[in-house]
Amino acid sequence: MSKKNKPEKVKEEFKGTFFATPWVGTLFTVLSGLSFMFLMMILPIVGKAARHGSGSPGAYRAPWYNANVAGFLTVLFLSFLLSVLAIISKRERSKIDNSPKPYVSYGLCVVCILLLVALMTGALGA
């Protein structure tokens, strides 16, 4: 009986930073998408009805509107931060193995900036 020479599995060492590992970019992308989905779910707390009232006689601004804006801004900045981290991670990975560019994360950053501008100018509660 002769043993067949099986090649040993050689574990390749990854040559890059922590952000360049594939699972980190994927994790940040998924987390930014989930946080953006949550942001869209809480969007009505800073909308027209919360800012001006429901439109019925005697309706007024929600007494906790300022707390709603603070919570919305917190989630907005979290979503923006996670998408920026996803961009950084995916770009580092792209430098190593020419993987695809993070176009969805770029779009998510733009949408977060537009939401911030709309909130600050009053367009969300118009």
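Residues numbered from 1 in each chain as written. Predicted model: local features only at pLDDT ≥ 70, side-chain atom pairs only at ≥ 80, totals over all residues. Heavy atoms only, no water.

Here helix α4 (residues 103-121) contains 19 residues, and its C-alpha end-to-end distance of 27 Å stays within 8% of the 27 Å for a straight helix at 1.5 Å per residue. The set of residues buried in α4 consists of Ser105, Leu108, Cys109, Cys112, Leu115, Ala118 and Leu119. In this structure, the buried side of α4 is in contact with α1 (22-41) and α3 (65-97). Following α4 by one or two positions, Gly122 adopts a phi angle in the positive range, close to 90°. (Helix = DSSP H or I, 4+ residues; strand = E, 2+ residues; numbered from the N terminus. Expected span 1.5 Å × (residues − 1). Buried < 20%, exposed > 50% of the residue type's maximum accessible area, 1.4 Å probe, protein only. Contact = heavy atoms within 4.5 Å.)

Relative to the elements of secondary structure, Phe80 occurs in helix α3. As for Phe80 and Val110, which are separated by 30 residues in sequence, their C-alpha atoms are 8.9 Å apart. Sequence-distant contacts of Phe80, that is, excluding residues within four places in its chain, are made with Cys109, Cys112 and Ile113.

Between α1 and α3, whose axes approach to 8 Å, the crossing angle comes to 155°. Classified by the angle between their axes, α1 and α3 sit roughly antiparallel to one another. As for how α1 packs across α3, the hand of that crossing is left-handed. Contacts between α1 and α3 involve Pro22, Val24, Gly25, Thr26, Phe28, Thr29, Leu31, Ser32, Ser35, Phe36, Phe38 and Leu39 from the former and Phe72, Val75, Leu76, Ser79, Leu82, Ser83, Leu85, Ala86, Ser89, Lys90 and Arg93 from the latter. Within the contact of α1 with α3, the residues separate by chemical class into 13 nonpolar, eight polar and two charged. (Axes fitted to C-alpha atoms, helices over the stretch in contact; angles between N-to-C directions. Parallel < 35°, antiparallel > 145°, perpendicular 65-115°, else oblique. Left-handed = near helix turned anticlockwise from the far one by under 90°. Nonpolar A, V, L, I, M, F, W, Y, C, P; charged D, E, K, R; others polar.)

You can see Ser35 is positioned in helix α1. For Ser35, the side chain forms a polar contact with the side chain of Ser79, separated by 3.4 Å. (Polar contact = N/O pair within 3.5 Å; in protein donor to acceptor, adjacent residues only side chain to side chain.)

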